[in-house]
Protein chains: 2
Amino acid sequence: MSKYWSPSIQSLVPYTPGEQPQVEGLIKLNTNENPYPPAPGVARALRDFETDRLRLYPDPESAQLKQALARNTGLECDQIFVGNGSDEVLALTFMALLRQDKPLLLPETTYSFYNVYIDLYGIQARHVPLTDDFRIDLSQYRQPNGGIIFANPNAPTGISVPLDDIRSLLESTPDSVVVVDEAYVDFGAESATALVNEYPNLLVTQTFSKSRSLAGLRIGCAFGHKDLIEALERVKNSFNSYPLDMLAEAAAIASLEDEAYFNDCIERVIATRQWTTEALNRLGFEVLPSHTNFVFAAHANLTGAELMAYLRENKILVRHFTKPGIENHLRISIGTDAEMRALIDCLKQHPQMAD
Amino acid sequence: MSKYWSPSIQSLVPYTPGEQPQVEGLIKLNTNENPYPPAPGVARALRDFETDRLRLYPDPESAQLKQALARNTGLECDQIFVGNGSDEVLALTFMALLRQDKPLLLPETTYSFYNVYIDLYGIQARHVPLTDDFRIDLSQYRQPNGGIIFANPNAPTGISVPLDDIRSLLESTPDSVVVVDEAYVDFGAESATALVNEYPNLLVTQTFSKSRSLAGLRIGCAFGHKDLIEALERVKNSFNSYPLDMLAEAAAIASLEDEAYFNDCIERVIATRQWTTEALNRLGFEVLPSHTNFVFAAHANLTGAELMAYLRENKILVRHFTKPGIENHLRISIGTDAEMRALIDCLKQHPQMAD
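Keep in mind the model is a prediction, meaning the values are calculated, not measured.

*Asks:* Which residues make up the domain arrangement of chain A, and what values go with them?
*Replies:* All names here are of chain A. Under the domain assignment, chain A is made up of domain 1 (10-37 + 260-348) and domain 2 (40-257). On a C-alpha basis, the centroid separation for the pair domain 1 and domain 2 is 24 Å. Both faces combined, the contact of domain 1 with domain 2 buries some 2,400 Å², and carbon together with sulfur accounts for 67% of it. Its largest share of buried area at the contact with domain 2, domain 1 owes to Tyr15, Phe262 and His291, together 27% of the area lost on that side.

What follows is the structure, encoded as structure tokens:
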């Protein structure tokens, strides 16, 4: 704290991202990174990029990437926004659309960055509890609101809601914006992008960090009615005209051009998730039904903190949240088959583990 | 405008960046890009980068880049902040440090993005006129204030203020933050980074876009007392944990490692600026004394709008601002010698041009 700080930031509690240790030999299952490399075309696009062009500013509109996303989704370019990772897209969304007079509705347990944005912008919010089995029940969001945001699948639970429930929600709240954060949607959930042409109050955000293995390049996007996208463009152009750099744009386009590779990686992650879930069940874990590249699991006899410390000692990083209600769960990213075998083998060594 | 927008953004007027036309054969002197490519080490760093690592998140602290900047400046890592271009660094600075109860002081004519941030965050501001010869007179900033920001050298005038004047200003306003935006400082002005260890209320921002030819990769930084840097880190971590991507960080580090190339490019730009200024003078232009990679020039017989249109017809892009007081000036980026010869030759062809 310092007398020089803006008063509004004195009480700010920033988001804490998962650790990015610069240590070799760790099995890193703590930040939901994809275990497989980006599409081979990404390496080619970067290798072929003329470095001399970096002296120029990027296209502030990222038009070529929007065109590639338009081909990919069937939407128009003016229904598409891109930014420096989906966190930036979300930060701009909160500013552009969710700072309203009525309270924002969001799940009590969800991506914890939402509450940071709420504090940053001084947004009034109402938190809706999950069901006892950790699901988002969208029927509970039918109350006066200045906007609704949730992750689908939800984080850190991994559970998704069906598209029909989202459709009903959109119809029940036509005067406010519903933001569906689909960071993990490619791993088995239904995308609400299919509803963008029908509902002017729907904004869907996605990321290239997880399913497209490009976390290191920071590419996020949003899909919605052109009026919602215009709001995001206005705020982006009032914040940073060129959020997406030339290499990130080139890599993103190359990734979108290889759907076969994309689908193959997804299938592999889902297959690994399947057997990992079964193996964890056999060890006495309750594992929530995941449509993501992670599982959220709690053990009958051991606390989340105990398990995380035990795994850490054995050079395996997982994520643990101290929030009441989920403090006994671990969020375990789906790595390669070898990494998940190492995880299961390590857990089997624990003296209190059944198998 | 839409009923879904946050009320606060309905009246926002975004910043308009210079055109980035996707047309071949234009001479582009409108966005102050460096005419020379990035250091050769940048191409090597990008070529040697293992693309597979892009599946991982970057280091949210960008520690290696901060270390390189620490070596470069003699400052400590906790006195250094990095972001996605200096526009993002400035956007976070306005949020973290300049949203105060008292008015922010800034020049009436300066980088026009400052006024966009002022609107975006609802900051109260007082604009101080330039002198009749377009200089910033820092003695006029000795009045109650909640912060001061100016560009040094100033944009779009190109004129710099001496370090002693900045020192006096810092001493006259010990309770508020003075932000010196040094986007162009490397082209001949004195950097206030030399004062960072002395004044806890000084924040200096810089960019890799101009003097380091990396506009395409979006890298900005700030230097100041660790308490000011902490404020920026808090806001950054409440907005986007990973603003700088892996390739941008690698390129920035490679650029910092080649000071000989850096100095050579700077010298070439300054030499070209010198003869271009003389040639423009001979054509009847008044050219302000520039310490940047552009010149700000007005012609005795022709308006800025006329000249811009004439050059545009001849495939030469320059920047023109319609703001009263500078509406007859053109901002002309310093390109290669060949580009500037083409500019001068083109101007000579104008029927109303003396030579």
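*Asks:* Break down the environment of Glu61(A) for me, citing the residues and quoting the values.
*Replies:* Residue and element names in this part refer to chain A. Within the fold, Glu61 resides in the loop between helix H1 (40-48) and helix H2 (63-73). Since its relative accessible area comes to 38%, Glu61 is described here as partly exposed. For the pair Glu61 and Lys323, spaced 262 residues apart in sequence, the C-alpha to C-alpha distance is 39 Å. Not counting residues up to four positions away in its chain, the partners in contact with Glu61 are Lys66 and Glu233.

*Asks:* Got a sec to walk through the UniProt feature "modified residue: N6-(pyridoxal phosphate)lysine" (unreviewed entry) in chain A? Specific residues and values, please.
*Replies:* Here, UniProt's "modified residue: N6-(pyridoxal phosphate)lysine" (unreviewed entry) annotation points to Lys210(A). One can find Lys210(A) in the loop between strand S7 (202-207) and strand S8 (220-224). Once residues within four sequence positions are removed from consideration, Lys210(A) is found in contact with Thr31(A), Asn32(A), Asn34(A), Ala183(A), Tyr184(A), Phe187(A), Asn293(A) and Tyr57(B). In terms of polar contacts, Lys210(A) uses its side chain to reach the side chain of Tyr184(A), at 3.4 Å.

*Asks:* Give me the side chain of Asn32(A): which residues, what numbers.
*Replies:* Residues and elements named next belong to chain A. Of note, Asn32 is situated in the loop between strand S1 (27-29) and H1. Taking the relative accessible area as the measure of exposure, Asn32 reaches 0% and is therefore buried. One polar contact links Asn32 to Ser333, side chain to side chain, over a distance of 2.7 Å. Not counting the four nearest positions on each side in its chain, Asn32 is found in contact with Tyr184, Lys210, Asn293, Phe294, Arg331 and Ser333.

*Asks:* Give a description of the sheet that holds strand S10 (residues 294-299) of chain A that names residues and reports values.
*Replies:* All names here are of chain A. With mixed pairing, five strands are arranged side by side in an open sheet as S1-S11-S12-S10-S9. Both outer strands of the open sheet, S1 and strand S9 (285-287), are each paired with one neighbouring strand and no more. In this sheet, neighbouring strand axes are inclined to one another by 35° on average, regardless of whether the strands run parallel or antiparallel. Against the sheet, helix H9 (residues 304-313) touches S9, S10, strand S11 (316-320) and strand S12 (329-333), its axis set at about 160° to S11.

*Asks:* Please set out the UniProt feature "domain: Aminotransferase class I/classII large" (unreviewed entry) in chain A residue by residue, giving values where relevant.
*Replies:* The sites that carry the UniProt feature "domain: Aminotransferase class I/classII large" (unreviewed entry) are, in the present numbering, residues 26-345 of chain A. When the span residues 26-345 of chain A is considered, its composition is 36% helix and 17% strand, and the gap between its end C-alpha atoms is 15 Å.

*Asks:* Can you explain the pairing of strand S5 (residues 148-151) of chain B? Please cite residues and give values.
*Replies:* Regular strands place side chains that alternate from one sheet face to the opposite one. Residue and element names in this part refer to chain B. Of the two faces of S5, the one lined by Ile148 and Phe150 and the one lined by Ile149 and Ala151 are each fully buried. In the sheet, S5 pairs with strand S6 (residues 178-181) via four bridges, with the strands oriented parallel. Counterpart to Phe150 in the pairing with S6 is Val180. Of the crossover connections in this fold, the one passing from S5 over helix H5 (residues 163-172) to the parallel S6 is right-handed.

*Asks:* Explain the interface of chain A and chain B residue by residue, including any values.
*Replies:* Listed per partner, the contact involves 85 residues of chain A and 85 residues of chain B. Interface area, chain A with chain B, both sides summed: about 7,000 Å², of which 55% is carbon and sulfur. Considering only the side of chain A, the residues that lose the most area to chain B are Tyr4(A), Tyr57(A) and Phe239(A), jointly responsible for 13% of the buried surface there. Inspection of the region where chain A meets chain B yields two salt bridges. Here Lys3(A) makes a salt bridge to Asp175(B), at a shortest N to O gap of 2.9 Å. At the surface where chain A touches chain B, the tally comes to 54 residue pairs in polar contact (both at pLDDT 80 or more).

*Asks:* Give me the relation of the copies chain A and chain B: which residues, what numbers.
*Replies:* For the match of chain A to chain B, the screw axis carries a shift of 0.0 Å, the RMSD comes to 0.0 Å, and the turn is 180°. Seen this way, the second copy is the image of the first under a two-fold rotation axis. In terms of C-alpha distance to the rotation axis, chain A has Arg47(A) as its closest residue, with the C-alpha 3.1 Å off the axis. With an isologous cut-off of 70% or more, the 100% of interface residues of chain A that recur at the interface of chain B puts this contact in the isologous class.

*Asks:* How would you explain the packing of aromatic side chains if you had to name every residue and give the values?
*Replies:* Following the criterion strictly, the structure yields 19 aromatic pairs over all chains and no others. When the ring of Tyr184(A) is compared with that of Phe294(A), the centres are 4.9 Å apart and the planes differ by 85°; the resulting orientation is edge-to-face. One end of the pair, Tyr184(A), is in the loop between strand S6 (178-181) and S7; the other, Phe294(A), is in strand S10, and 110 residues separate them in sequence. Each member of the pair, Tyr184(A) together with Phe294(A), is buried. Aromatic pair Phe239(A) and Phe239(B): ring centres 4.5 Å apart, planes at 20°, arrangement stacked.

*Asks:* Before we move on, can you summarise unusual backbone geometry with the specific residues and values?
*Replies:* All names here are of chain A. Pro153 follows Asn152 through a cis peptide bond whose omega is -5°. Along the polypeptide, Pro153 turns up in the loop between strand S5 (148-151) and helix H5 (163-172). The phi dihedral of Ser62 falls on the positive side, at around 50°, and the residue is not glycine. Accessibility expressed as a relative area gives 3% for Ser62, which makes it buried. A positive phi angle, near 55°, is found at Ser213, a position not held by glycine. Following the sequence through the fold, Ser213 ends up in the loop between S7 and S8. Ser213 sits in the buried class, given a relative accessible area of 1%.

Cut-offs applied
Residues numbered from 1 in each chain as written. Chains lettered and ligands numbered in written order. Predicted model: local features only at pLDDT ≥ 70, side-chain atom pairs only at ≥ 80, totals over all residues. Heavy atoms only, no water. Domains from an automatic or database assignment. Buried area = accessible area lost by both parts, 1.4 Å probe. Helix = DSSP H or I, 4+ residues; strand = E, 2+ residues; numbered from the N terminus. Buried < 20%, exposed > 50% of the residue type's maximum accessible area, 1.4 Å probe, protein only. Contact = heavy atoms within 4.5 Å. UniProt positions renumbered as here; feature names shortened; annotations may be inferred. Polar contact = N/O pair within 3.5 Å; in protein donor to acceptor, adjacent residues only side chain to side chain. Pairing = 2+ DSSP bridges. Axes fitted to C-alpha atoms, helices over the stretch in contact; angles between N-to-C directions. Right-handed = clockwise from strand over helix to strand, strands pointing away. Salt bridge = Lys/Arg side-chain N within 4 Å of Asp/Glu carboxyl O. Least-squares fit on C-alpha atoms with pLDDT ≥ 70 in both. Phe/Tyr/Trp six-rings, centres within 6.5 Å; stacked < 30°, edge-to-face > 60°.

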